[in-house]
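Topology and contacts: notes
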Amino acid sequence: MSQPQSESAWNTEAPWGITDRVRRRLEATAREVAADWDLVLGPQFAMAKYSFAAPAGEDAVLKIPPDEDDLADHEADALRFWDGDGAVRLLRHDPERRALLIERARPGTDASAVPEDEAIAAAISVGRRIWRAPPPDHAYRTIRGWVDRWLPADQTHELGPLARRTFAAMDVVTRVVVHADFHHFNLLRHGERWVAIDPKPALGEPEFDIPPFLWNPFGGAPSTRARTESRIRAFADAGLDGDKIRAWAIVRGVCDGLPLTSSGVEGGPQLRVVRELL
């Protein structure tokens, strides 16, 4: 008799994120950790769709990523490496229970709430601080491995072959820790500075981090060719390679924009940005 397939941890339609089953499991772990660490938990953050995250007192947040999210396996390593410079500080970590106690950004306003120029300046400021070479004994996966994992087969979509050719022609450098989920909602104001949260860290190059910023903020005004090009120019003026940003936007846009919705509609902003760059 064949064994039943394991139930997915992820919602495949809106509201996206983890399923209620997984959320209940993570909440139980969080309650256990809070009791062990003498923490008082507040209600879960509404924006925390892919993990458990809730205030732990006034100045900390308890976060429990699900086991199924292996891209978060080295989140604690990255936060420890950055040590509060460009990202929230890691205060305590239990690797067995995947529990992270992290500094809470105050006031915590994200970059989607500020004007375009300020949001770009925030991203550049944070990027310059976190894009650093790690110690030799690091355990981060590379962005080459990321592409190998997520680039769809050519027959999946008409843009698949373009993304594959683009990646094959790139001179990819893997020398610094990148955030890999670098966008408005993961950039928070903390006092007078901006910091990153929720990294999916990998070893790569700064330009790899920019595409998610191009197609965010989700739920806001849709991107336009003019806005996308203006953002790329701003990052290029800050010292990044504009052509490489475009190449990564094509590769990551196809990786992140597929599969299509169940109705087969190209509704996500990622493929929209890809088409703006053609």
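Residues numbered from 1 in each chain as written. Predicted model: local features only at pLDDT ≥ 70, side-chain atom pairs only at ≥ 80, totals over all residues. Heavy atoms only, no water.

Among the secondary structure elements, K244 is positioned in helix α8 (residues 242–257). By relative accessible area, which is 15% here, K244 ends up buried. K244 has contacts with M170, D171, V173, E205 and E207, leaving out every residue within four places of it along the chain. (Helix = DSSP H or I, 4+ residues; strand = E, 2+ residues; numbered from the N terminus. Buried < 20%, exposed > 50% of the residue type's maximum accessible area, 1.4 Å probe, protein only. Contact = heavy atoms within 4.5 Å.)

Here the focus is unusual backbone geometry. Cis geometry is adopted by the peptide bond preceding P107, which originates at R106 and carries an omega value of 10 degrees. With respect to the helices and strands, P107 occurs in strand β5 (residues 107–110). One non-glycine residue, D83, lies in positive phi territory at about 50 degrees. Of note, D83 is situated in the loop between α2 (75–82) and β3 (90–94). Backbone geometry at D198 places phi at a positive 55 degrees, although glycine is not the residue there. Looking at the secondary structure, you find D198 in the loop between β8 (193–196) and β9 (202–204).

Running from amino to carboxyl end, helix α3 (residues 116–130) crosses helix α7 (residues 225–237) at an angle of 40 degrees, the nearest separation of the two axes being 10 Å. Regarding the angle of α3 to α7, the classification is oblique. Between α3 and α7 lies a crossing of right-handed hand. Residues E116, I120, A123 and I124 of α3 pack against R227, R231, A234 and F235 of α7. For the contact of α3 with α7, a count of residues per class yields five nonpolar, no polar and three charged. (Axes fitted to C-alpha atoms, helices over the stretch in contact; angles between N-to-C directions. Parallel < 35°, antiparallel > 145°, perpendicular 65-115°, else oblique. Left-handed = near helix turned anticlockwise from the far one by under 90°. Nonpolar A, V, L, I, M, F, W, Y, C, P; charged D, E, K, R; others polar.)

Attention shifts here to the sheet that holds strand β4 (residues 99–103). Spatially, the four strands line up as an open sheet ordered β1-β2-β4-β3, and their pairing is antiparallel. Looking at the sheet topology across the chains shown, the edges are occupied by β1 (52–55) and β3. Along the sheet, successive strands turn relative to each other by an average axial angle of 15 degrees, direction set aside. Examined bridge by bridge, β3 and β4 share four bridges and lie antiparallel to one another. From the neighbouring strand, R92 faces β4, where its bridge partner is L101. (Pairing = 2+ DSSP bridges.)

With that out of the way, let us pick up the nonpolar core. Ranked by size, the top nonpolar core spans 67 residues in total, and within it L79, W131, F182, L187, I210 and W248 carry the most contacts. Here the element with the most residues in this core is α8; it accounts for eight residues. Contacts of L79, omitting those with residues within four sequence positions, involve G84, A87, V88, L90, L100, I102 and P199. Within the second largest apolar cluster, 18 residues are counted, among which are A9, W37, A54 and L62. (Core = buried A, V, L, I, M, F, W, Y, C linked by side-chain atoms within 4.5 Å.)

So, about helix α4 (residues 143–150). Among all positions in α4, only I143, W146 and V147 are buried. Taken around the axis of α4, the buried residues stretch over an arc of 95 degrees, which confines them to a single face. The elements touched by buried residues of α4 are α5 (160–169), β6 (176–178), β9 and α8. (Arc of directions from axis to C-beta.)

Applying the stated rule across the entire model yields 24 salt bridges. A salt bridge links R149 to D70; its shortest N-O distance comes to 3.0 Å. Separated by 79 residues along the polypeptide, R149 in helix α4 and D70 in the loop between β2 (60–64) and α2 bring together distant segments of the chain. The shortest N-O distance in the salt bridge between E205 and K244 comes to 2.9 Å. With E205 in the loop between β9 and α6 (211–214) and K244 in helix α8, the pair connects residues that are 39 residues apart, well separated along the chain. Grouping residues by exposure puts E205 and K244 together as buried. The network of salt bridges with common partners includes E32, D36, D94 and R97. (Salt bridge = Lys/Arg side-chain N within 4 Å of Asp/Glu carboxyl O.)

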